[in-house]
Amino acid sequence: MQLALAEARKAAARGEVPVGAVLVQEGRVLARGHNRPVSGSDPTAHAEIVAIRKAARKLGNYRLTGSTLYVTVEPCPMCLGAIIQARIRRLVYGAEDPKAGAVVSRLRFSLDQANHRPEISGGLGRDECGQLLKDFFRQKRQGQKKCRMVENRATFK
């Protein structure tokens with residue numbers, strides 16, 4: 001999870017929501033990814049998707065059987081769908097996502113009828129993963145308040 005957190009910090013440094021992912025198979029890192037939707041003008045460039053794409057290209061196979069995906073935040077429905085399609089054996093996530101999480105939070109995905117059911121574990125590094133998100137959004141809100149104050153001053157001058 002520490003490698004995924006390092007990826008999440010890269011995203012934050014670029015102004016992206018700090019989510020990181022690392023895909024591991026047989027004890028070796030296949031691929032890493034962090035959020036890039038804004039910088040890449042790609043709404044599908046979530047950390048999980050970036051890592052899955054890199055690993056699939058590296059292996060020359062869209063099926064990533066036997067792999068484990070570590071991600072700092074509970075996946076959204078799109079990412080959980082990609083995890084299922086890639087046949088990832090195990091998903092391990094840190095913090096829950098109460099707004100868009102598809103595992104245990106808001107948009108729960110039923111795996112009962114899925115053609116592949118990954119093992120899922122949540123809460124690994126929950127506090128650190130969650131704090132990274134809280135800090136990012138707090139700074140973003142404070143920056144917006146400063147921008148609004150500057151705009152208001154400019155308007156009234």
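Attention in this report is confined to the structure presented alongside it. (Residues numbered from 1 in each chain as written. Predicted model: local features only at pLDDT ≥ 70, side-chain atom pairs only at ≥ 80, totals over all residues. Heavy atoms only, no water.)

**A closer look at the overall build of the chain**
Thought 1: Each helix and strand counted, the chain has four helices and five strands in total.
Thought 2: For the chain, the N- to C-terminal ordering of α and β elements is α-β-β-α-β-α-β-β-α.
Thought 3: Dimensions of the chain, computed from the C-alpha atoms along their principal axes, are close to 65 × 30 × 25 Å.
Thought 4: Expressed as a percentage of the 157 residues in the chain, the buried residues total 42%.
Thought 5: Here the contacts in the chain between residues at least 6 apart in sequence split such that 54% fall between residues at least 24 apart.
Thought 6: Surface exposure of the chain reaches about 8900 Å², of which carbon and sulfur atoms provide 51%. (Helix = DSSP H or I, 4+ residues; strand = E, 2+ residues; numbered from the N terminus. Buried < 20%, exposed > 50% of the residue type's maximum accessible area, 1.4 Å probe, protein only. Contact = heavy atoms within 4.5 Å. Areas by Shrake-Rupley, 256 points an atom, 1.4 Å probe, with all protein chains shown as cover.)

**Considering unusual backbone geometry**
Thought 1: Even without glycine at this site, Ser41 takes up a positive phi of about 45°.
Thought 2: Position of Ser41 relative to the elements: it lies in the loop between β2 (28-34) and α2 (47-59).
Thought 3: Taking the relative accessible area as the measure of exposure, Ser41 reaches 66% and is therefore exposed.
Thought 4: One non-glycine residue, Arg87, lies in the positive phi region at around 60°.
Thought 5: Its location among the elements puts Arg87 in the loop between α3 (77-85) and β4 (90-95).

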